[in-house]
Amino acid sequence: MSTIRQRISRLRAVMQENGVDMYLIETDDFHCSEYTGAYFKCREYISGFTGSAGTVVVTADAAGLWTDGRYFIAAAQQLEDTGIRLYKMGQPGVPTVQQYIVNTIREGQCLGFDGRTVNARAGRALVRALEAKGAHVNAKLDLVGEIWEDRPPLSHEPAWILDKAYAGRSREDKIDLIRRILKERGRDMLVVTALDDIGWLLNIRGNDIAYTPVVLAYMLIGQEMLRLYINPDVLSEEVRTALESAGVELAPYDGIYADMGRIPAGTQVICDGTQVSYAIVCSAAGGVRICDETDPIQKPKAIKNRTEIANIRNAHLKDGIAQTKFMCWLKQNAGKVPMTEISVSEKLEELRRQQPDYIEASFAPISAYGPHAAIVHYEASPETDIPVEAHGLLLMDTGAHYLDGTTDVTRTYVMGALTDRERFYFTQVLRGSLHLASAKFRYGCTGYSLDYTAREPLWQLGVDYNHGTGHGVGYLLNVHEGPNVIRWRQLPGRNEGAIMEPGMVTSDEPGVYFENEFGIRHESLLLCRKAEKNRCGQFMEFETLTLVPYDLDGVDPSLLTEEERHFLNDYHRKVFESLAPFMTADELEWLAHATRRI
């Protein structure tokens, strides 16, 4: 197998052959997905970095990788001895990818990239910036594909129907809704390339991306037409019939490029520049008005309907049963039976599989013991797997897809004796999580307004965590879903920061990470709902969906306020009452202690 240095050397050779002075490699697939199938992992192939977010830029004599705070430690380790420099996004003095490209490229030089994997907004910005410098772009080059000899094939897993009993609304109703929104906006057509949007709108699911039950497809929708571009081999007769009966016309997967060129001049077409690729926008016929607007499917997808909410509560009950049985086993067997990061993760997976309607994990599990937990998105491998011993902290961030919905939960477990420092920060992170879960706020607030509630206990100490506090969660779709987020700063080029609407599901996950020491994160999922309405306006609140005890062995009650203790005790009472009927006698005795009043 070739080394990373050898791959970069081969890439530079094909860059020279194609007259390219600088080459950009994004993480995205053709659909701007956060997570991608094996065929699309060009950035991972060329750099060796396995995180879900990152961008590589290669020149004749330099190579760099940009990633966010979740991956600073992991990226530094994986890039060691590759010759690739790590650029820590958002840190003082670190240029953005575009700034680096514009500052580095010289007049007359060429930037190359695969326009199918760069979103339209970023691609257009690069073209404008480079034209101002007298440089130019070639966006039709998949140069990594040229050197990737054993590249996996494009996935073509079977699609399947999500019944209305789970989806809550028929595909016909959803299509009518989007057409009404188009009419209200005064637009003629919508280009849909986000795979979760297509899955939600048509009530179909698949298996083309690990942990994300979506189908590779594109879609064009107007008032009188809806065309789905998809590999016909993935459609059973049942799926084909269901789609065609809803007025869906089927076309080949790659056919969208030619059809974009056939759209009549003067047509107003919504192409969300954060989701639609630069290549698709460039394929539009002259005279077509491309409207870079927020994808109209995103918000109704994020606001779960009554059926979805009822199902999601049931999914969290199932998940709570599995995770609480796991926690009981873990605590009772610590130091008595051999455990490793991977084996405890497999034990939890085994218990989840016992639950009805379980499908698969909703993301690669994070099972991180001791210093590994300081790596925010650590993923244990046979090479890094270490024993879990009867002391210190074990952080487990895991999730599941059920037909009833999607879960994402983090608990940090006390495996034995703790230091005062570990207990102190365990409690401070928990305080932040409780503050957000118990927040009451006026309708109209976004996650930018709410982020401080979770960070305040840590910020008062001059400590922070380098990731968002919360992300939206899809219904048997993407575990990370917009537009609802909880963070303190706006990220450029993103359509997010939406008003918190009733029905939105958002994570609550503050943490602290001390490199080479330990990491702590507590995460539950919250359902936004209406509280009272009075002369001051409509107030909102959260319902905690997750039903898993916090490990009270890590809590210093003297650090909690009376209000914090009251909320924690109420939550644990709810956990006990919900889960007690499903526990064995031994588990029930343990659960009573695990949810004790403090």
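One structure accompanies this document, and this report is about it. Because the structure is a prediction, the values reported are computed rather than measured.

Residue placement: Ser-33 occurs in the loop between strand E1 (22-25) and helix H2 (42-47). At a separation of 2.9 Å, a polar atom in the side chain of Ser-33 contacts the side chain of Asp-29. Sequence-distant contacts of Ser-33, that is, excluding residues within four places in its chain, are made with Asp-28, Leu-195 and Ile-209.

So, about a nonpolar patch on the surface. A cluster of nonpolar side chains, contributed by Tyr-452, Trp-459 and Trp-488, occupies part of the molecular surface with about 330 Å² of accessible area. For Trp-488, the location among the structural elements is in the loop between strand E21 (481-486) and strand E22 (505-508).

Bringing the environment of Gly-519 into the picture now. Inspection of the secondary structure puts Gly-519 in strand E24 (residues 518-521). Taking relative accessible area as the criterion, Gly-519 reaches 1% and is therefore assigned buried. Separated by 148 residues in the primary sequence, Gly-519 and Pro-371 place their C-alpha atoms 6.9 Å from one another. Not counting chain neighbours up to four residues away, the residues in contact with Gly-519 comprise Gly-370, Ala-373, Ala-374, Leu-395, Thr-412, Val-512 and Tyr-513.

Here six strands make up an open sheet; going across it, the order is E12-E11-E10-E8-E13-E14 and the pairing mixed. Where the open sheet ends on each side, the last strands, each with one partner, are strand E12 (249-251) and strand E14 (289-291). On average, adjacent strands in this sheet sit at an angle of 20 degrees to one another, irrespective of strand direction. In the sheet, strand E13 (residues 268-270) pairs with E14 via three bridges, with the strands oriented parallel. Within the sheet, the bridge partner assigned to Gln-268 lies in E14 and is Arg-289.

It is worth spelling out the state of the cysteines at this point. Going through the model one piece at a time under the given rule, you end up with zero disulfides. As a non-bridged cysteine, Cys-528 has Cys-445 as the owner of its nearest cysteine sulfur, 9.7 Å distant.

On to the pairing of strand E25 (residues 524-534), then. Walk down a regular strand and you will see the side chains alternate between the two sheet faces. Bridge count for E22 against E25 is four bridges, and the pairing is antiparallel. When the sheet's bridge partners are listed, Ser-507 is paired in E25 with Leu-525. Both E25 and strand E26 (residues 537-544) contribute to a ladder of seven bridges, which runs antiparallel. Counted as the bridge partner of Lys-533 is Gln-538 from E26. Between E25 and the antiparallel strand that follows it, E26, lie two residues.

Rules of the game
Residues numbered from 1 in each chain as written. Predicted model: local features only at pLDDT ≥ 70, side-chain atom pairs only at ≥ 80, totals over all residues. Heavy atoms only, no water. Helix = DSSP H or I, 4+ residues; strand = E, 2+ residues; numbered from the N terminus. Polar contact = N/O pair within 3.5 Å; in protein donor to acceptor, adjacent residues only side chain to side chain. Contact = heavy atoms within 4.5 Å. Patch = residues over 30% accessible without salt bridge, like charges linked within 9 Å, V, L, I, M, F, W, Y side chains within 5 Å. Areas by Shrake-Rupley, 256 points an atom, 1.4 Å probe, with all protein chains shown as cover. Salt bridge = Lys/Arg side-chain N within 4 Å of Asp/Glu carboxyl O. Buried < 20%, exposed > 50% of the residue type's maximum accessible area, 1.4 Å probe, protein only. Pairing = 2+ DSSP bridges. Axes fitted to C-alpha atoms, helices over the stretch in contact; angles between N-to-C directions. Disulfide = S-S within 2.5 Å.

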